[in-house]
Amino acid sequence: MHAMHLMKSAALMAALGLSATSAIAQEVTLRFQHFVSPASANPTYFMQPWADAIEEQSNGRIKVELYPFMQLGGSAPSQYDLIRDGAIDGGWVIPGYQPNRFPEAEAMELPFMTSKSGEEASAAAWEFTQEYLMDDFADVHLIAAHMHGPGIVHKRGAPVETVEDFEGLKLRGPSRAATLLLEELGATPIGMPVPQFPEALSRGVVDGGVITWEMSPSLKLDELTDSHTDVAGDQALYNLYFIWAMNKDVYEGMPDDLRAIIDANSGMMASRWAGRAHDTGDVVGRDVMAADGNEIAQLSEVETDRIKALGAEVTATWIAEMDAKGYDGAALVASAQAAVAANRAAE
């Protein structure tokens, strides 16, 4: 009887010119993946509210499921390929986790390139992306490009106070630009994705590393480190470039009205939103570290200027490397600086 009922339903749908797939194509579930704790800033203040907005604006016809800690499989560095290949519908990508694959994006990550406002830096990142990176990301559908707030030096023991204090420290870095700077400072940089950082600290593989305030609580840096140091002034020691993207075929296969809802929550507004999430989380994270009795420090202006001089050498080396690869390194740096300046002026 049940089988007969199904056959009748199928016959009726065929008579109406419908197929089983077209009848349910209006209801879309999107599985987005990231590699950090759901309690950290971007998932809390951007990803979940973004998913909620999509669901609400589509009257529940789009559901966005968020999977933290790479629960759908793969590793953080492979995230871009997982999205491109359709293993997941979308997710959060740090292009710098695949060094040399997206070299132009590194311009935004150079020392002292951005201000300490994640939102300002993210507005600049979106503009820079529109100018230079859409070809690089052509095989996914880009929703947002953003940066975080200031990168902080977290370490066991006393805070760094001078350039000389970096000498010999084994420090985790997230990207090529960050590790180049750490090397210039005399540290031994160890590049690793964020999920590996706490274990590396607890096992003594690293003495510390650079990461944001907002990631500190979820990584238990209040327990695993003793001091947290920022540079003086309003420019970030370094920054990290992220994208929020979805599979191109999945996006293009959605009905026009549902695609429009994704579009309405994309671009500059989504990029600023993602950056603002980091700013919100930075305040919380810094307070958690301070409440636990850890030392919160800031380098002097004199020492910060010494680091800026070393950072300028990193940038000069990067420009030469880019020129050797056939890019115009100086133009990339100038464009990134112009985007940053324009979006600081607009505040």
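Structure's up top.
In short, a report on the structure. (Residues numbered from 1 in each chain as written. Predicted model: local features only at pLDDT ≥ 70, side-chain atom pairs only at ≥ 80, totals over all residues. Heavy atoms only, no water.)

This paragraph deals with the overall build of the protein. Along the backbone of the protein there are 13 helices and 11 strands. The C-alpha radius of gyration of the protein comes to 22 Å, within 12% of the 20 Å expected for a compact globule of 347 residues. With the principal axes as the frame, the protein shows a C-alpha extent of 80 × 45 × 35 Å. Residues counted as buried form 53% of the 347 residues belonging to the protein. Surface summary for the protein: the accessible area is close to 14200 Å², and the carbon and sulfur share equals 53%. For the protein, the distance from the average site of its 23 positive side-chain charges to the average site of its 50 negative ones is 5 Å. (Helix = DSSP H or I, 4+ residues; strand = E, 2+ residues; numbered from the N terminus. Rg over C-alpha atoms; globule rule 2.2 N^0.38 Å. Buried < 20%, exposed > 50% of the residue type's maximum accessible area, 1.4 Å probe, protein only. Areas by Shrake-Rupley, 256 points an atom, 1.4 Å probe, with all protein chains shown as cover. Lys, Arg positive; Asp, Glu negative; His and termini not counted. Charge placed at Lys NZ, Arg CZ, Asp CG, Glu CD.)

Within a sheet, each strand pairs with its neighbour through backbone hydrogen bonds, oriented either parallel or antiparallel. With respect to topology, 6 strands assemble into an open sheet ordered E7-E6-E8-E5-E9-E11, the strand pairing being mixed. Each edge of the sheet is formed by a strand with only one pairing partner; in this case those strands are strand E7 (188-191) and strand E11 (295-298). Neighbouring strand axes in the sheet, compared pairwise and without regard to direction, differ in orientation by 25 degrees on average. Pairing geometry for strand E9 (residues 227-230) and E11, over 4 bridges, is parallel. Among the inter-strand pairings, threonine 229 is bridged to a residue of E11, identified as alanine 297. (Pairing = 2+ DSSP bridges. Axes fitted to C-alpha atoms, helices over the stretch in contact; angles between N-to-C directions.)

Strand order across the open sheet formed by 5 strands is E2-E1-E3-E10-E4, with mixed pairing between neighbours. Every interior strand has two partners, whereas the edge strands, strand E2 (62-67) and strand E4 (141-147), have only one. Each strand axis lies, on average, 20 degrees off the axis of its neighbour in the sheet, ignoring direction. The sheet contacts of helix H5 (residues 118-132) involve E4 and strand E10 (241-246), and relative to E4 the element is tilted by about 140 degrees. (Contact = heavy atoms within 4.5 Å.)

Moving on, we get to the nonpolar core. Of all hydrophobic cores here, the largest spans 80 residues; its most connected members are Trp50 and Tyr241. For tryptophan 50, the contacting residues outside a window of four places in its chain are Phe32, Val64, Ile143, Trp244, Ile262, Asn265 and Trp273. (Core = buried A, V, L, I, M, F, W, Y, C linked by side-chain atoms within 4.5 Å.)

Time to look at unusual backbone geometry. Of note in the backbone geometry, asparagine 59 takes a positive phi value of approximately 55 degrees without being a glycine. Summarising the element assignment, asparagine 59 is placed in the loop between helix H3 (41-57) and E2. By relative accessible area, which is 70% here, asparagine 59 ends up exposed. Residues other than glycine seldom take positive phi values, yet phenylalanine 112 does so here, at roughly 60 degrees.

The subject of this paragraph is the packing of H3 against helix H11 (residues 268-291). Packed helix pairs are characterised by how far apart their axes lie and by the angle those axes make with each other. Their axes nearest at 7 Å, the elements H3 and H11 cross at an angle of 140 degrees. Taken together, the axes of H3 and H11 are oblique relative to one another. The crossing of H3 and H11 is right-handed. When H3 is examined against H11, the residues Ala41, Asn42, Tyr45, Phe46, Pro49, Trp50 and Ala53 are found in contact with a partner set consisting of Ala270, Trp273, Ala274, Ala277, His278, Thr280, Gly281 and Val284. Of the residues assigned to the contact of H3 with H11, the class counts are 11 nonpolar, 4 polar and no charged. (Parallel < 35°, antiparallel > 145°, perpendicular 65-115°, else oblique. Left-handed = near helix turned anticlockwise from the far one by under 90°. Nonpolar A, V, L, I, M, F, W, Y, C, P; charged D, E, K, R; others polar.)

All chains considered together, the criterion is met by 13 aromatic pairs. Both rings, one in phenylalanine 137 and one in tyrosine 241, keep their centres 6.4 Å apart while their planes meet at 15 degrees; by these two values the pair is stacked. Here phenylalanine 137, found in the loop between H5 and E4, pairs with tyrosine 241, found in strand E10; they are 104 residues apart in sequence, far enough to count as distant. The same class applies to phenylalanine 137 as to tyrosine 241, namely buried. An aromatic cluster of at least three residues, connected via ring pairs, comprises Phe32, Phe46, Trp50, Trp244 and Trp273. Lying across the ring of phenylalanine 197, arginine 172 places its NZ or CZ 5.7 Å from the centre. (Phe/Tyr/Trp six-rings, centres within 6.5 Å; stacked < 30°, edge-to-face > 60°. Lys NZ or Arg CZ within 6 Å of the ring centre and 35° of its normal.)

This next bit is on the pairing of E2. Two strands pair when backbone bridges link them, and strand E1 (residues 28-33) and E2 are joined in this way by 6 bridges, in the parallel orientation. Looking at E2, one finds that arginine 31 is bridged to glutamate 65. Between the parallel elements E1 and E2, the chain passes through H3 in a crossover that is right-handed. (Right-handed = clockwise from strand over helix to strand, strands pointing away.)

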